[in-house]
Amino acid sequence: MPHIIDGKAVSQKIKSEIKAEVDLLKGGAGRVPGLAVVIAGDDPASKIYVKNKISGCAEVGFFSVHKEFDGNVSKSTLIETVSELNADENIDGILVQLPLPKGLNPDEILPFIDVKKDVDGLSAYQQGLLLQGNPDLISCTPNGVIELLKSANIEIAGKNAVVIGRSNMVGKPMAMLLLRENATVTICHSKTKDLKNTVSKADIVVAAIGRARFVTADMIKEGAVVIDVGMNRVDGKLCGDVDYENVKEKAAAITPVPGGVGPMTITMLLKNTLESFKKKNNLL
Ligand code: GUN
């Protein structure tokens, strides 16, 4: 049996550490960390994610603001909202939930978020720092993956790591973080030739493609570590990018969906918000 990496347990442990730190620091700062979440439209999955982010804040003792707009909201209203949150002294982190409704281009809105409050780590500034090997606020999902690998005592240095997917939110920052841990990193994507051959040489596979059960057992080396970032709905059921039931027979360690990477994303968001709060209050 492989080691099943329990994202819920790791996440719970980090959240209790965050809560303890908030309790310790709030006296000195005269306030608690604050996170603002902006959502537009009525994508059901996004609504659930946002609800979970807000309840995550309550769990660790953060202040939170939830700005909700319908799908017809204008670009200027969203930019105005972000600008007000930038100026709000009680807010340390701002997140605009993606995807935005049709007709709104995130590249025309996200750059208005103050980079010091970019707890999603999606700005060119934060991603540039990561690229240079000197990160500040790291994209939440890939940062959560590194935490999971470390929690399971999985050696990363010197290993062949293959990331499947090249999004700005997961694939690219994931590759940079693995490189920072001294892995030899390959990024595969939709135009990769003979993906199976590349993946089959990997000691660590991170699947972030967004296609249900895309990674099958025949692609995986015996004893590989398999991290599943996928969140796909199949017949109303949540399902990862990895064919879990078959791949787990070959893997040394694997993350389930749900209960693997998912809980870590919110926890890393809370961690980034705490970091931003500490920096603002000279508590580092
Ligand atoms: N949509 C799905 N995951 C995320 C995330 O981590 N951040 C934002 N802003 N939107 C998302």
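Everything that follows concerns the structure shown earlier in this document.
Residues numbered from 1 in each chain as written. Predicted model: local features only at pLDDT ≥ 70, side-chain atom pairs only at ≥ 80, totals over all residues. Heavy atoms only, no water.

Draft legend 1. Structural detail: the site of the ligand. Near the ligand the following residues occur: Lys53, Leu95, Val96, Gln97, Leu98, Asp120, Met169 and Thr265. Val96 places a polar main-chain atom, nitrogen or oxygen, 2.9 Å from a nitrogen atom of the ligand. Burial of the ligand by the protein amounts to 84% of the accessible area it has alone, namely 280 Å². In terms of residue class, the shell around the ligand is built from four nonpolar, two polar and two charged. (Near = heavy atom within 4 Å. Polar contact = N/O pair within 3.5 Å; in protein donor to acceptor, adjacent residues only side chain to side chain. Areas by Shrake-Rupley, 256 points an atom, 1.4 Å probe, with all protein chains shown as cover. Nonpolar A, V, L, I, M, F, W, Y, C, P; charged D, E, K, R; others polar.)

Draft legend 2. Structural view of helix 6 (residues 171–180). Taken residue by residue, helix 6 has Gly171, Pro173, Met174, Ala175, Leu177 and Leu178 as its buried positions. Elements in contact with the buried residues of helix 6: helix 4 (124–131), helix 5 (140–151), strand 5 (160–164), strand 6 (184–188) and strand 7 (204–207). Asn182 sits one or two positions beyond helix 6 and adopts a positive phi of about 70 degrees. (Buried < 20%, exposed > 50% of the residue type's maximum accessible area, 1.4 Å probe, protein only. Helix = DSSP H or I, 4+ residues; strand = E, 2+ residues; numbered from the N terminus. Contact = heavy atoms within 4.5 Å.)

Draft legend 3. Main features of the sheet that holds strand 2 (residues 34–40). Taking strand neighbours across the sheet as the criterion, the three strands line up as 3-2-4 in an open arrangement whose pairing is parallel. Sheet topology places strand 3 (63–69) and strand 4 (93–96) at the edges, where each strand pairs with a single neighbour. The mean angle between the axes of side-by-side strands here comes to 15 degrees, regardless of whether they run parallel or antiparallel. Pairing between strand 2 and strand 3: seven bridges, direction parallel. For Val37, the partnering residue across the bridge sits in strand 3 and is His66. (Pairing = 2+ DSSP bridges. Axes fitted to C-alpha atoms, helices over the stretch in contact; angles between N-to-C directions.)

Draft legend 4. Fine view of the sheet that holds strand 8 (residues 225–228). An order of 1-11-8-7-5-6 is seen for the six strands of this open sheet, with the pairing classed as parallel. Whereas interior strands pair on both sides, the edge strands pair on one side only; in this sheet they are strand 1 (3–4) and strand 6. Direction of pairing for strand 5 relative to strand 7: parallel, over a ladder of four bridges. Pairing of Ala161 across the sheet is with Ile204, part of strand 7. Sitting on the sheet, helix 6 is in contact with strand 5, strand 6 and strand 7, with an inclination near 170 degrees to strand 5.

Draft legend 5. How the structure looks around the state of the cysteines. Following the criterion strictly, the structure yields zero disulfides and no others. Cys57 forms no disulfide, and the closest cysteine sulfur to it belongs to Cys140, at a distance of 11 Å. For Cys57, a relative accessible area of 0% puts it in the buried group. (Disulfide = S-S within 2.5 Å.)

Draft legend 6. The pairing of strand 2, seen in detail. The buried fraction of strand 2 amounts to seven of the seven residues, a majority that puts the element mostly inside the structure. Burial along strand 2 is two-sided: Gly34, Ala36, Val38 and Ala40 facing one way and Leu35, Val37 and Ile39 facing the other are all buried. With helix 2 (residues 44–60) bridging strand 2 and the parallel strand 3, this β-α-β connection has right-handed handedness. Bridge count between strand 2 and strand 4: four bridges; the pairing is parallel. When the sheet's bridge partners are listed, Val38 is paired in strand 4 with Val96. (Right-handed = clockwise from strand over helix to strand, strands pointing away.)

Draft legend 7. Looking closely at the side chain of Thr141. Within the element layout of this structure, Thr141 appears in helix 5. When its relative accessible area of 11% is taken as the criterion, Thr141 is described as buried. Ignoring any residue separated from it by four or fewer positions in sequence, one finds Thr141 in contact with Val170, Val229, Val261 and Thr265.

Draft legend 8. Expanded view of unusual backbone geometry. A cis amide bond links Leu98 to the next residue, Pro99, at an omega of 0 degrees. For Pro99, the position within the fold is in the loop between strand 4 and helix 4. The backbone of Asn153 sits at a positive phi, close to 55 degrees, despite the residue not being glycine. With respect to the helices and strands, the residue Asn153 is situated in the loop between helix 5 and strand 5. Classification of Asn153 as exposed rests on a relative accessible area of 70%.

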